[in-house]
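# Per-entry structural report
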Amino acid sequence: MSTGRTLTRAQKVVLGAAFVPMLVTGAAGGVGTFSNIKGAYGSGTALGAVAAGEGATAVLALVLLGLTMLGQASPAVVRIGLWLLPAAAAVMAAMAADGTGRTVIYAVTPMGMCVAAEGMAFLARRIVVHTDGRDAEAEHRAATVIRSLAYHRARAANHPDEKIRARSERTSWKLARRIGTGDTALGTSLLDVQRERVTDGADAALADMFTAPVTPEAHAVTAAVTPALAPAPEPRTGSSAGTAEGEAVTVARDGEDTQVSPATSDAEVTAVAVPVTPVTLDEVAAVTGVPTPHPAETLSDEQLVVVLRHLRYSADPPLSYRQAVTAFRDAGFVGGEQRVRKAWGALMSQEESTP
């Protein structure tokens, strides 16, 4: 899958310039090998040696370069040939040398073609990874490791021979260390996951620090839920329905029954304290119109808000985000950190919009 990225003009210039010394190095290695062998065996033998060594290496290098540019993995025989053919040419050139010094020089000369071929293929591979977002070589290695791991895990579990099972078990652990090696896409994905976790943690910490405390008198949930569950009793006066005119009314004031005469002012009657029953999670869910949330169950977004609302106002003063999340986990409720944080943000927005 293409990433949509293209090489800039500066990148093209630099990469093109990097290919030039590689080509020159490979050509110099071939010319040097020809010259060395020509002095010992003649031009015909030298030409055949260069063709079998540097020439074949150049062919394999072009094959490797073409496969890399097409986004395909190169066969193992191509990679092996890039090193074996120059090595054979190096041995042949060393045998034609006189003295230790010339032997070393003649042996090293053919390796220039090998290094040039590997360098051009590696650079081309990186260009393809940059533009297409895929590393065919890494994907090929990863697929090979995964297939081997699956085979050895199956053999370690089901093979009738105990020694073979033990050997496959050890091999499985060795293969497990190689999973993801050189996979740039996997590394990028893991970094994205870590960035998201760090962002969530920082957001939660800042929300916990800068969330303004809500006083008991301004509890938005109590104001929203209690009237719907148990409507507050209307102020009663001496002339209320069901009460004889002039008859005193008994009301609860400061925990004691108080006789209120018909002459008592409306303001005094309105100020009579009415005890409030704590709201349960079932009641909050019923008023919100969602099924009652239960621990160890997958909750919807609305149920998450209901649980956090109930936990937040289960204490006085209300719980902070971190305290509510701790209570959420302790109560056995299930929910990912990102979903819980989103539900908390929705709850805070509801509080801010509640007059």
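Residues numbered from 1 in each chain as written. Predicted model: local features only at pLDDT ≥ 70, side-chain atom pairs only at ≥ 80, totals over all residues. Heavy atoms only, no water.

This paragraph deals with the overall build of the chain. A count of helical and extended segments in the chain gives 14 helices and two strands. Burial statistics for the chain: of 355 residues in total, 31% are counted as buried. Sequence-distant contacts, at least 24 apart, represent 59% of the contacts inside the chain between residues at least 6 apart. Total accessible area computed for the chain in this model is approximately 21,500 Å², and 62% of it derives from carbon and sulfur atoms. (Helix = DSSP H or I, 4+ residues; strand = E, 2+ residues; numbered from the N terminus. Buried < 20%, exposed > 50% of the residue type's maximum accessible area, 1.4 Å probe, protein only. Contact = heavy atoms within 4.5 Å. Areas by Shrake-Rupley, 256 points an atom, 1.4 Å probe, with all protein chains shown as cover.)

A few words now on empty space enclosed by the protein. Scanning the model with the defined rule gives one cavity of 30 Å³ or more in all. For the largest cavity, the lining is made up of 10 residues, of which Thr68, Arg125, Asp135, Ala136 and Glu137 are closest to its centre. Within the residue set of the lining of the largest cavity, elements represented by two or more residues are α5 (111-132) and α6 (136-158). The leading source of residues in the lining of the largest cavity is α5, at three residues. Of the residues that constitute the lining of the largest cavity, the class distribution is three nonpolar, three polar and four charged. (1 Å grid on protein atoms, 1.4 Å probe; cavity = no way out; pocket = protein on both sides within 12 Å on 5 of 7 lines; lining within 4 Å. Points joined across faces, edges and corners; volume = space filled by probe spheres on them. Nonpolar A, V, L, I, M, F, W, Y, C, P; charged D, E, K, R; others polar.)

Looking now at the nonpolar core. In this structure, Val307, Leu308, Phe328 and Trp344 are the most contacted members of the largest nonpolar core, which totals 23 residues. Of all the secondary structure elements, the ones that give two or more residues to this core are α11 (281-288), α12 (301-312), α13 (321-330) and α14 (337-353). Broken down by element, this core gets its largest block of residues, six residues, from α12. Filtering out sequence-adjacent residues up to four positions away, valine 307 remains in contact with Leu281, Pro293, Leu299, Phe328 and Phe333. Counting seven residues, the second largest nonpolar core, distinct from the first, contains Ala61, Leu64, Ala117 and Ala121. (Core = buried A, V, L, I, M, F, W, Y, C linked by side-chain atoms within 4.5 Å.)

A few words now on a nonpolar patch on the surface. On the surface, a cluster of nonpolar side chains totalling about 350 Å² of accessible area is made up of Tyr41, Val91 and Met95. By secondary structure assignment, the location of methionine 95 is in helix α3 (residues 76-95). (Patch = residues over 30% accessible without salt bridge, like charges linked within 9 Å, V, L, I, M, F, W, Y side chains within 5 Å. Salt bridge = Lys/Arg side-chain N within 4 Å of Asp/Glu carboxyl O.)

Once that is clear, we can look at the environment of threonine 33. With respect to the helices, strands and loops of the structure, threonine 33 is situated in helix α1 (residues 9-41). With 78 residues separating them in the primary sequence, threonine 33 and methionine 111 have C-alpha atoms 9.7 Å apart. When near neighbours in sequence (up to four residues on either side) are disregarded, threonine 33 contacts Val50, Glu54, Thr109 and Pro110.

Another aspect to go through is the packing of helix α2 (residues 43-69) against α3. Axis separation between α2 and α3 bottoms out at 9 Å; the angle between their running directions is 160 degrees. It follows that α2 is roughly antiparallel to α3 by the angle criterion. As α2 packs across α3, the resulting crossing turns out to be left-handed. Contact with α2, carried on its side by Ala49, Ala52, Gly53, Glu54, Ala56, Thr57, Leu60, Ala61, Val63 and Leu64, involves Val78, Arg79, Gly81, Leu82, Leu85, Pro86, Ala89 and Met92 of α3 and no other residues of that element. Per-class residue counts for the contact of α2 with α3 are 13 nonpolar, three polar and two charged. (Axes fitted to C-alpha atoms, helices over the stretch in contact; angles between N-to-C directions. Parallel < 35°, antiparallel > 145°, perpendicular 65-115°, else oblique. Left-handed = near helix turned anticlockwise from the far one by under 90°.)

Bringing the pattern of salt bridges into the picture now. Applying the stated criterion across every chain, the model contains three salt bridges. Between arginine 153 and glutamate 169 there is a salt bridge whose closest N-O contact spans 2.9 Å. With arginine 153 in helix α6 and glutamate 169 in helix α7 (residues 162-176), this residue pair connects regions lying 16 residues apart in the sequence. On the basis of relative accessibility, which here comes to 39%, the residue arginine 153 falls in the partly exposed class. By relative accessible area, which is 28% here, glutamate 169 ends up partly exposed. Measuring nitrogen to oxygen at the nearest pair gives 2.8 Å for the salt bridge that ties aspartate 301 to arginine 339. Residue aspartate 301 is located in helix α12, and its partner arginine 339 is located in helix α14; the two are separated by 38 residues in the primary sequence. The class for aspartate 301 is partly exposed, based on a relative accessible area of 42%. By relative accessible area, which is 31% here, arginine 339 ends up partly exposed.

This model, assessed by the stated rule, comprises two aromatic pairs. When the ring of tyrosine 321 is compared with that of tryptophan 344, the centres are 5.5 Å apart and the planes differ by 70 degrees; the resulting orientation is edge-to-face. Taken together, the residues tyrosine 321 in helix α13 and tryptophan 344 in helix α14 connect sequence positions 23 residues apart. Each member of the pair, tyrosine 321 as well as tryptophan 344, is classed as buried. (Phe/Tyr/Trp six-rings, centres within 6.5 Å; stacked < 30°, edge-to-face > 60°.)

In the segment running from aspartate 316 into proline 317, the intervening peptide bond is cis, with an omega of 10 degrees. Along the chain, proline 317 falls in the loop between α12 and α13. In this model, alanine 296 sits at a positive phi of 65 degrees, which is unusual for a non-glycine residue. For alanine 296, the position within the fold is in the loop between α11 and α12.

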